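Listed below, chain by chain, are the residues.
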Amino acid sequence: MYRSHTCGELTAAHINTEVTLAGWVQGVRDKGFMIYIDLRDRYGITQLYFDEEHSAKDLMKKAQKLGREFVVQITGKVIERASKNPNISTGAIEVLVSELNILNTALLPPFTIEDKTDGGDDLRMKYRYLDIRRNPVKDNLIFRHNVTQSVRNYLSNNGFIEVETPYLIKSTPEGARDFVVPSRMNEGQFYALPQSPQTFKQLLMVGGMDKYFQIVRCFRDEDLRADRQPEFTQIDCEMAFVEQEDVLDTFEGLTRHLLKEINGVDLDSFPRITYDDAMRLYGNDKPDIRFGMQFGELNNVTQHKDFNVFNSAELVVGIAVPGGNTYTRKDIDKLIDWVKRPQVGAQGMVYCRCNDDGTFKSSVDKFYDQDDLSKWADITGAKSGDLICVLSGEVNKVRSQLSALRMELAERLGLRKPNEFAPLWVVDFPLLEWDEETERYHAMHHPFTSPKPGQLELLDTKPGEVKANAYDLVLNGNEIGGGSIRIHDKATQAIMLKHLGFSDDEARAQFGFLMDAFEYGAPPHGGIAFGLDRLVSILGGQETIRDFIAFPKNNSGRDVMINAPAPIDDEQLEELSLKLNLKS
Ligand code: ASP
């Protein structure tokens, strides 16, 4: 038996018990005639005690030689501690050691194994196994486990069956590049790793599974943005014989269950907003609604004077910054510089102070009188003491610029509170999205999403206006889940693929299996997938998903611990028939 108890377990109730513990040496405090050692494992820290009076000389010597992170096993008697530590569960006791067994030695760790470590990001990732010994990382992994467990229980209790789908598949289009795996046995051929199990879960519905879920790794070879991982985990779900309402209901239930069980938060039914309204009011399809600062469109009240910047703009839109009238001229200039940064890209910013006496003072007083400005205040909901910030230009650009400003200001004003949860469904997404680069329409969600009833005909005339039976669940400004009601008949799927630019042959080659399946009694179905990593980090009140992944990749998609990706040797290349291809 390696241990009778864990290092987090012993209390005053155990005094005089003989115990055996095993763990890592957190630190040694050697006072010569007395030695204290903190012994650590996953469960906590227990203080070990040696002194000249009670401990044999060679035992004292052995203890003195222990280094940080040595792995030891001890046996001893639980005694009451002279100076208690109320901050830890074992703070009332210590163990007077009678036997010390060094199970393994350890090199000096490259950073301190403390809650606040001196190790930088790179170093911590290189020695992630040491990082995991630290409470913040360990606690996050346990937190993730709890969330995952809670998800499994909820779905399982609601009749969902967990089914595994293959990783070595053919491309599933979710809008990213595929990671591919060469097939040794099929020369020159490749598998793709799933961007999601989308087609398989639909086939499970054709197979009559009725309610499916899977906590599953997905792979997307995208240009890495901050806090994206090339492999990430989804809670992937699908249901048969459902309409949008059923899906929203079920997964609102799951989210509410998680918020209650994990965060102790009771929420009413989640508000819903259409995609169009989200864009109009927040400039964003994943609005953070923990705070107001809704957009007010000002075209009607600004485009009647000689101010050309506004007159020529497609959209003039503003937000009221609560208490913003306290900003000095210098503060505002800085804000203007901020919106002009290339990452935001605004040309400039007009502002209007809402004074306490009810008057207004704007940066465009030459053009707009008090009456005009009071309308700006009405429309943006500004009160005295606020500052109205106004941007103008092309609709899409201005919206995203003002949205960036809204989020930045909310952050600075402390309005994005991590322990406040404001979920929201965004519904009625457009079916298609114009892609400037390729100059054609792409499926906004994916090609299997069904248009709203009766809108199929619009595809020929006004493709950009067709709405989809697609929905996202947004939490605190993050998309945590997205899904749709699917197309379940071959003819509609064929029309859809045609509009996405697939020839008949291409459609057949890529999705023939799915279209065939639709001919064998496919039930109406729909589903959703949650991004588990993001969900866990939000529930955990933290920003970065990396902190909740045991072995994450860095921003260049590398695992710096195992040093992957890495070249493979010529022999392996040859076996995979890749060598010649590379050279030719
Ligand atoms: N497969 C979709 C995705 O990964 C989710 C869904 O439509 O269920 O975003």
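This one's a predicted model, so the numbers in the text were calculated from it and none came from an experiment. (Residues numbered from 1 in each chain as written. Predicted model: local features only at pLDDT ≥ 70, side-chain atom pairs only at ≥ 80, totals over all residues. Heavy atoms only, no water.)

> How should I be thinking about helix 7 (residues 275–282) in this particular structure?
At 3.6 residues per turn, the α-helix brings residues three or four places apart onto the same side. Listed as buried for helix 7 are Y275, A278, M279, L281 and Y282. Buried residues along helix 7 sit against strand 11 (272–274), helix 12 (395–412) and strand 17 (423–427). At the exit of helix 7 stands G283, carrying a positive phi of roughly 65°. (Buried < 20%, exposed > 50% of the residue type's maximum accessible area, 1.4 Å probe, protein only. Helix = DSSP H or I, 4+ residues; strand = E, 2+ residues; numbered from the N terminus. Contact = heavy atoms within 4.5 Å.)

> Would you mind going over helix 12 with me for this structure?
Between its terminal C-alpha atoms helix 12 stretches 26 Å, which fits the 26 Å expected from 18 residues at 1.5 Å a residue. Taken as a whole, helix 12 has its buried residues at V395, V398, R399, Q401, L402, S403, L405, R406, M407, L409 and A410. Looking at the buried side of helix 12, the elements it contacts are helix 7, strand 12 (296–297), strand 13 (315–321), helix 10 (329–340) and strand 16 (387–393). A positive phi of about 70° marks G414, the residue just after helix 12. (Expected span 1.5 Å × (residues − 1).)

> Sorry if this is basic, but what is going on with the sheet that holds strand 5 (residues 93–104) here?
Where strands meet in a sheet, backbone hydrogen bonds hold them as pairs that are either parallel or antiparallel. Within the closed barrel, the five strands sit side by side as 1-2-3-5-4. Their pairing is mixed. Between one strand and the next, the sheet's axes are offset by a mean angle of 55°, whatever the strand orientation. Packing of helix 1 (residues 57–64) onto the sheet brings it into contact with strand 1 (18–30), strand 2 (34–41), strand 3 (44–51) and strand 5, and relative to strand 5 it is tilted by some 70°. (Pairing = 2+ DSSP bridges. Axes fitted to C-alpha atoms, helices over the stretch in contact; angles between N-to-C directions.)

> Please explain the pairing of strand 22 (residues 525–531) as it appears in this structure.
Regular strands show a simple pattern: their side chains alternate between the two faces of the sheet. Burial within strand 22 is extensive, with six of its seven residues counted as buried. Bridge count between strand 21 (residues 478–485) and strand 22: five bridges; the pairing is antiparallel. In the sheet register, G481 faces strand 22, and the bridge partner there is F530.

> Help me understand the packing of helix 10 against helix 12 in this model?
The relative placement of two packed helices is expressed as an angle between their axes plus a distance between the axes. Packing of helix 10 against helix 12 brings their axes to within 10 Å, and their N-to-C directions diverge by 135°. If you check the angle between helix 10 and helix 12, you find them oblique. Crossing angle aside, the handedness with which helix 10 passes helix 12 is right-handed. Note on element contacts: helix 12 touches helix 10 through A404, L405, E408, L409 and R412, opposite L335, W338 and V339. For the contact of helix 10 with helix 12, the class distribution of residues is six nonpolar, no polar and two charged. (Parallel < 35°, antiparallel > 145°, perpendicular 65-115°, else oblique. Left-handed = near helix turned anticlockwise from the far one by under 90°. Nonpolar A, V, L, I, M, F, W, Y, C, P; charged D, E, K, R; others polar.)

> Explain the site of the ligand here, please?
Near the ligand you find 14 residues, and of these E174, Q198, K201, H445 and R486 are the closest. Take E174: an N or O atom from its side chain is 2.6 Å from a nitrogen atom of the ligand. One of the side-chain nitrogen or oxygen atoms of R220 is found 3.0 Å away from an oxygen atom of the ligand. Its free accessible area being 270 Å², the ligand has 93% of it covered by the protein chains. Of all elements in the fold, only helix 5 (198–206), strand 21 and strand 22 reach the threshold of two or more residues within the shell around the ligand. When residues in the shell around the ligand are grouped by element, the largest group, three residues, is from strand 22. Counted by class, the shell around the ligand contains two nonpolar, eight polar and four charged residues. (Near = heavy atom within 4 Å. Polar contact = N/O pair within 3.5 Å; in protein donor to acceptor, adjacent residues only side chain to side chain. Areas by Shrake-Rupley, 256 points an atom, 1.4 Å probe, with all protein chains shown as cover.)

> Help me understand the UniProt feature "binding site: L-aspartate" (unreviewed entry) in the protein chain, please; the structure alone is not making it clear to me.
When the UniProt feature table is mapped to this numbering, "binding site: L-aspartate" (unreviewed entry) covers E174, R220, H445 and R486. Judged by its relative accessible area of 16%, R220 is buried. Contacts of R220, omitting those with residues within four sequence positions, involve E174, A176, R177, F179, Q195, S196, P230, F232 and Q234. Among the polar contacts made by the side chain of R220, one reaches the main-chain carbonyl oxygen of Q195 at a distance of 3.0 Å. In contact with H445, other than residues within four places in its own chain, are E174, L431, G482, G483, S484 and R486. (UniProt positions renumbered as here; feature names shortened; annotations may be inferred.)

> Hey, could you run me through the packing of aromatic side chains in this one?
To describe a pair of aromatic rings, you give the distance between the ring centres and the angle between the ring planes. Within this structure, the stated rule accounts for 17 aromatic pairs. Seen in terms of ring centroids, Y275 and F429 are 5.1 Å apart; in terms of plane orientation they differ by 45°. Their pairing is tilted. With a gap of 154 residues between them, Y275 in helix 7 and F429 in the loop between strand 17 and strand 18 (432–435) connect regions that are remote in the sequence. Relative accessible area serves as the criterion here: at 14%, Y275 is assigned to the buried category. Residue classification places F429 among the buried positions, given a relative accessible area of 6%. With centroids separated by 4.8 Å and ring planes inclined at 75°, the aromatic side chains of F307 and F310 adopt a geometry described as edge-to-face. Accessibility classification places F307 together with F310 in one group, the buried group. Members of the aromatic cluster, each reached through a chain of ring pairs, are F307, F310, F367, Y368 and W376. (Phe/Tyr/Trp six-rings, centres within 6.5 Å; stacked < 30°, edge-to-face > 60°.)

> What should I look at first to understand the side chain of Q229 in this one?
By the element assignment, Q229 lies in the loop between strand 9 (211–219) and strand 10 (231–240). The class of Q229 is buried, set by a relative accessible area of 8%. Reaching out from Q229, the side chain makes a polar contact with the backbone nitrogen of K553 at a distance of 2.8 Å. Beyond its immediate sequence surroundings of up to four residues, Q229 is in contact with I545, R546, I549, P552 and K553.

> Just to check I follow, could you spell out the packing of helix 4 (residues 135–157) against helix 6 (residues 244–263) for this structure?
Close contact between helix 4 and helix 6 brings their axes to 10 Å; oriented N to C, the two are set at 140°. Judged by the inter-axis angle, helix 4 sits oblique to helix 6. As helix 4 runs across helix 6, the sense of the crossing is right-handed. From helix 4, F143, N146, V147, S150, V151, Y154 and L155 reach across to helix 6, where they touch T250, F251, G253, L254, H257, L258, E261 and I262. Its residues assigned to classes, the contact of helix 4 with helix 6 shows nine nonpolar, five polar and one charged.

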